[in-house]
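# Structural description and commentary
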Amino acid sequence: MTSNRDLTNEQGQRTILVLGATGKTGRRVVARLAEHPVTVREGSRSAAQPFDWTDRTTWAPVLQGVDAVYLSYHPDLAAPGAADTVGEFTRLAVASGVSRLVLLSGRGEEDAQASEKLVQDAGVEWTILRASWFSQNFSEAHLPDPVRDGEVVLPVGDVPEPFVDADDIAEVAVAALIGDGHAGQLHELTGPRLLTFAEAVAEISTATGRRIDYVQVSPEEYAAALTAEGLPQNVVDLLMYLFTTVLDGRNAHLADGVHRALGRPPRDFAEYAARTAATGIWNQR
């Protein structure tokens, strides 16, 4: 592993590639990096220099001249073939001169640990961000419409989850990308308290000032509903894995990754709910 250092203190401006630059964490990382003396290269299919995980001919061009990478894999590190793809990209990145890798991983996802190991063994500085369930899944994924309609239906019972704010993830990522002291660290990122999905929906209801119900259904019923909506089977399978296997109670405890990385407590779900409700995104249709 190369020596740990502050990437912003060396002569010349560093180039940082942010993969998933239009995603929940990636776009936040891009926005925060813009406040620092670094060059930010956005990695997405819509970027000026397109990047696509499924098209390996797009990898080398975006890596040219890059010093550090925020590695966010789509759709998820638990998806079939993810470790093979991440491994190939990591090898190419190191061969291209990348000296620092920051990998976004999933908390409690055993399949994701294969990708973590590949990054850890790459021979350059690495940081793993192992995050719990994003608070922003209620506002930036497939759940905003149910929230607006007043009924959130999921196959999750009374399993508590320490929802983490994507803004906290982004701040830790930026610290790891440009700062000192994070190389060789696995930051386990959670919020400050445990909430069931029903309790999280109740807090959103309070923030919006209107009734929003939470309804638990069986995994079979939920999978059938996703299929009826036209989602591809691989997407249905991934969502079912995340909603059932990962949410089996294995993550029902807090971690101190945000505090260790940033020196402050993580943002609370109630703060997220109030902030998001104020934008009007959850207003009834």
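Scroll up a little and you will see the structure.
All of the points below concern the structure found in this document. On a predicted model such as this, the values are computed, not experimentally measured, just so you know. (Residues numbered from 1 in each chain as written. Predicted model: local features only at pLDDT ≥ 70, side-chain atom pairs only at ≥ 80, totals over all residues. Heavy atoms only, no water.)

### Notes on the side chain of Thr-58
Here Thr-58 shows up in the loop between β2 (38-43) and α2 (59-63). Taking the relative accessible area as the measure of exposure, Thr-58 reaches 12% and is therefore buried. Of the polar contacts made by the side chain of Thr-58, one reaches the backbone oxygen of Asp-55; its length is 2.7 Å. Setting aside its immediate chain neighbours within four residues, Thr-58 contacts Pro-50, Phe-51 and Asp-52. (Helix = DSSP H or I, 4+ residues; strand = E, 2+ residues; numbered from the N terminus. Buried < 20%, exposed > 50% of the residue type's maximum accessible area, 1.4 Å probe, protein only. Polar contact = N/O pair within 3.5 Å; in protein donor to acceptor, adjacent residues only side chain to side chain. Contact = heavy atoms within 4.5 Å.)

### Thoughts on the sheet that holds β2
Read across the sheet, six strands follow the order β2-β1-β3-β4-β5-β7 without closing on themselves; strand pairing throughout is parallel. Looking at the sheet topology across the chains shown, the edges are occupied by β2 and β7 (185-189). Here the strands of the sheet are splayed against their neighbours by 15° on average, with no regard to which way each runs. Pairing geometry for strand β4 (residues 100-106) and strand β5 (residues 125-131), over seven bridges, is parallel. What sits directly across from Leu-101, in β5, is Trp-126. Against the sheet, helix α3 (residues 82-95) engages β1 (14-19), β3 (68-71) and β4, with an angle of about 170° to β3. (Pairing = 2+ DSSP bridges. Axes fitted to C-alpha atoms, helices over the stretch in contact; angles between N-to-C directions.)

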